[in-house]
Amino acid sequence: MEEQGSHIETHPREGEPLVRAGRPAPCVMVLFGATGDLAQRKLFPALYELVRQKLLPHGFALVAFSRSERNLESLLAQVKEGLRKYARTQPLDEAAWEWLAERMEVMSGAYDDPAAFFRLREHLERMSERFGTQGNQLYYLATPASTFPALLTGLSGAGLLYREDSSVQRPWRRLVIEKPFGRDLASARQLNRELASVLEERQIFRIDHYLGKETVQNILVFRFANAIFEPLWNRQHIDHVEITAAETIGVEGRGRFYDETGVIRDMVQNHLLQVLALCAMEPPISFAPEDIRDEKNKVFRALRPVAEHEVPRFVVQGQYQGYREEAGVAPDSRTPTYVAMKTYIDTWRWQGVPFYVRAGKKLAQRVTEVSIHYRSVPHCLFTTSETCQRLQPNVLRLRIQPREGIALSFESKVPGEDVSISGVTMDFDYADTFNEPVPEAYERLMLDCMRGNTTLFAREDSVEQAWAWMTPILEALEEGSCGPPRTYEPGSAGPDEAAALLARDGRRWTELRR
Ligand code: BG6
């Protein structure tokens, strides 16, 4: 099929935005894990972009807290190097970089040393005066999950984190916590308990960066700001839903972390279940954070449990050839780098509609998308059975990345005297239509933490609910109920068994193309 440009006209509306984001209040961000991979690739580039666009508060400062002794100069050099590689606007805007660099400081100390946190406290008091951050503090834990308990103890022990009585309490204290949020239901509950012993839920921001993606946020606008899709958004009209997150990259130097995590914990339990919830949820009563989060949680509660003996019928795991040779990976590793699964949502709306979810590394194509496959026409009018067989059901694709957009395919008559039918696609492309680059998820999420808006963050109950569904499946897989993961060739569409999972239901995955 030919690549098509988008022919969508935009009709900007005058007036108030649906949600007025507003400039966040002054604050200091304390970043744990500032020298790590995530900070380098995502967090600093997002902060830099916010500076460039003048979206950060005037009173802003950042403390990079590291376990090893670091001086500011070497940290700044490392951050700048990272920006040159990963910032989305190049070449670097020196003025924006200077603005950020002038507001950065570095502190080091052991995470289990109470004295380090008292030193941090004094340091923050001085910084508040110097940078006008008004005492507001945002703690960002971009560190391995094993460090969370010590960090929480240190921060609360020094009186840096405490429970706020009301949402308008000033100065405020907030905590951002990176995934993985636990490895199973028990560890997620334990972590939630530890957080709840120190903070109110509204002070906790569990990051799932998929929720910050523009295209993921647009799922709700697309569904609920348009009248024509919602009546078709149910079991009467939808045959099945496919959610794909295919990557071409491998584990990229994160072998040790990945080998303990695997694709289900890395991508499905969080990112893809969040996307699934946004596609499947009922209309919330308002756009307020808790109303949206309540509806998402109902979806997690309605995911049909998979009994141990059913796991092989619902899940296929794969591992790319060469994975075991990656640095940090066990030579006999059984960690999956690919998974395909089928699930049902036991609600009135979705009864009987399978949701097929797949994710994997080193696949043929980088694509993350949701495709809604509609039912076939109930009766074919066209004379030859061959034409009838060729008719394709409508498919609505929500392209999350790359080429962010939405496409609807339908059948059309080919011009001419014969009645000949061809598939055509209406395609809306974000970048073409709005003529500006789509922002990175972390930009939006960082601002939302500073604003105290929790809408795009995972709530305690839904994290546990997602784990409650996923944990028995993971346990069955880890006990070997599906055998070892199937090997697949790098650059392929994954193991053949994944195709068989859909073929058994008379369906096919959307093809991954190189
Ligand atoms: C991260 C995973 O959460 O998401 C990575 O740990 C994965 O393994 C990444 O590559 C994918 O994110 P994105 O934004 O590139 O789809």
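Keep in mind that what you see is a predicted model, and the values were worked out from it rather than measured.

Participant: How should the overall build of the protein chain be read in this particular structure?
Facilitator: Per the secondary structure count, the protein chain includes 15 helices and 15 strands. Computed over the C-alpha atoms, the radius of gyration of the protein chain is 24 Å, within 12% of the 24 Å expected from 2.2 N^0.38 for a compact globule of 514 residues. Projected onto its principal axes, the C-alpha coordinates of the protein chain cover approximately 80 × 60 × 45 Å. Here the protein chain holds 514 residues, and 52% of them are scored as buried. The contacts of the protein chain with a sequence gap of at least 6 include a subset with a gap of at least 24, amounting to 76%. Of the roughly 24100 Å² that the protein chain leaves accessible, carbon and sulfur atoms contribute 51%.

Participant: Which parts of the structure should I look at to understand empty space enclosed by the protein?
Facilitator: Rolled over the atoms, a probe with the dimensions of a water molecule shows which regions are left empty. Within this structure, the stated rule accounts for 2 cavities of 30 Å³ or more. Here the largest cavity is characterised by a volume of approximately 160 Å³. Surrounding the largest cavity, 18 residues form its lining, Phe-181, Gln-269, Asn-270, Ala-458 and Val-463 being those nearest its centre. Going through the elements one at a time, helix 8 (255-280) and helix 14 (460-478) are the ones with two or more residues in the lining of the largest cavity. Broken down by element, the lining of the largest cavity gets its largest block of residues, 4 residues, from helix 14. For the lining of the largest cavity, a count of residues per class yields 9 nonpolar, 5 polar and 4 charged. Its volume calculated, the second largest cavity comes out at about 60 Å³. In this structure, the second largest cavity is lined by Thr-215, Asn-218, Ile-219, Phe-222, Leu-398, Arg-399, Gly-405, Ile-406 and Tyr-430. Every element with two or more residues in the lining of the second largest cavity is listed here: helix 7 (214-224), strand 12 (395-401) and strand 13 (405-414). Here the element with the most residues in the lining of the second largest cavity is helix 7; it accounts for 4 residues.

Participant: Can you help me understand the site of the ligand in this one?
Facilitator: Close to the ligand lie Lys-179, His-209, Tyr-210, Lys-213, Glu-247, Arg-254, Asp-266, Met-267, His-271, Lys-361 and Gln-401. Within the contact set of the ligand, an oxygen atom lies 2.6 Å away from a side-chain nitrogen or oxygen of Lys-213. Lys-361 places a side-chain nitrogen or oxygen 2.8 Å from an oxygen atom of the ligand. For the ligand, whose unbound accessible area comes to 400 Å², protein coverage reaches 83%. At 3 residues, helix 8 tops the list of elements feeding residues into the shell around the ligand. Looking at the shell around the ligand residue by residue, the classes come out as 2 nonpolar, 3 polar and 6 charged.

Participant: Mind showing me how you'd approach the sheet that holds strand 11 (residues 367-374) here?
Facilitator: With respect to topology, 9 strands assemble into an open sheet ordered 14-13-12-11-7-10-9-8-15, the strand pairing being mixed. Edge positions in the open sheet fall to strand 14 (420-429) and strand 15 (486-488), since each of these has one partner strand only. Between one strand and the next, the sheet's axes are offset by a mean angle of 20 degrees, whatever the strand orientation. Note: strand 11 against strand 12, 6 bridges, orientation antiparallel. Paired with Glu-369 across the bridge in strand 12 is Arg-399. The strands touched by helix 15 (residues 496-503) within the sheet are strand 8 (315-320), strand 9 (338-343), strand 10 (355-360) and strand 15, with strand 9 carrying the most contacts at an inclination of about 10 degrees.

Participant: Where do I start with the packing of helix 6 (residues 185-196) against helix 14 in this structure?
Facilitator: One can describe the packing of helix 6 onto helix 14 by two numbers: an axis separation of 8 Å at closest approach and a directional angle of 165 degrees. As summarised for this structure, helix 6 and helix 14 are arranged roughly antiparallel, according to the angle between their axes. As helix 6 packs across helix 14, the resulting crossing turns out to be left-handed. Two secondary-structure elements touch here, helix 6 through Leu-185, Ala-188, Arg-189 and Asn-192 and helix 14 through Glu-460, Val-463, Glu-464, Trp-467, Ala-468 and Thr-471. Looking at the contact of helix 6 with helix 14 residue by residue, the classes come out as 5 nonpolar, 2 polar and 3 charged.

Participant: Would you mind showing me how to read the environment of Val-275 here?
Facilitator: Here Val-275 shows up in helix 8. Residue classification places Val-275 among the buried residues on the basis of a relative accessible area of 1%. Taking C-alpha positions, Val-275 is 9.5 Å from Glu-369, a pair spaced 94 residues apart along the chain.

Procedures and definitions
- Residues numbered from 1 in each chain as written.
- Predicted model: local features only at pLDDT ≥ 70, side-chain atom pairs only at ≥ 80, totals over all residues.
- Heavy atoms only, no water.
- Helix = DSSP H or I, 4+ residues; strand = E, 2+ residues; numbered from the N terminus.
- Rg over C-alpha atoms; globule rule 2.2 N^0.38 Å.
- Buried < 20%, exposed > 50% of the residue type's maximum accessible area, 1.4 Å probe, protein only.
- Contact = heavy atoms within 4.5 Å.
- Areas by Shrake-Rupley, 256 points an atom, 1.4 Å probe, with all protein chains shown as cover.
- 1 Å grid on protein atoms, 1.4 Å probe; cavity = no way out; pocket = protein on both sides within 12 Å on 5 of 7 lines; lining within 4 Å.
- Points joined across faces, edges and corners; volume = space filled by probe spheres on them.
- Nonpolar A, V, L, I, M, F, W, Y, C, P; charged D, E, K, R; others polar.
- Near = heavy atom within 4 Å.
- Polar contact = N/O pair within 3.5 Å; in protein donor to acceptor, adjacent residues only side chain to side chain.
- Pairing = 2+ DSSP bridges.
- Axes fitted to C-alpha atoms, helices over the stretch in contact; angles between N-to-C directions.
- Parallel < 35°, antiparallel > 145°, perpendicular 65-115°, else oblique.
- Left-handed = near helix turned anticlockwise from the far one by under 90°.

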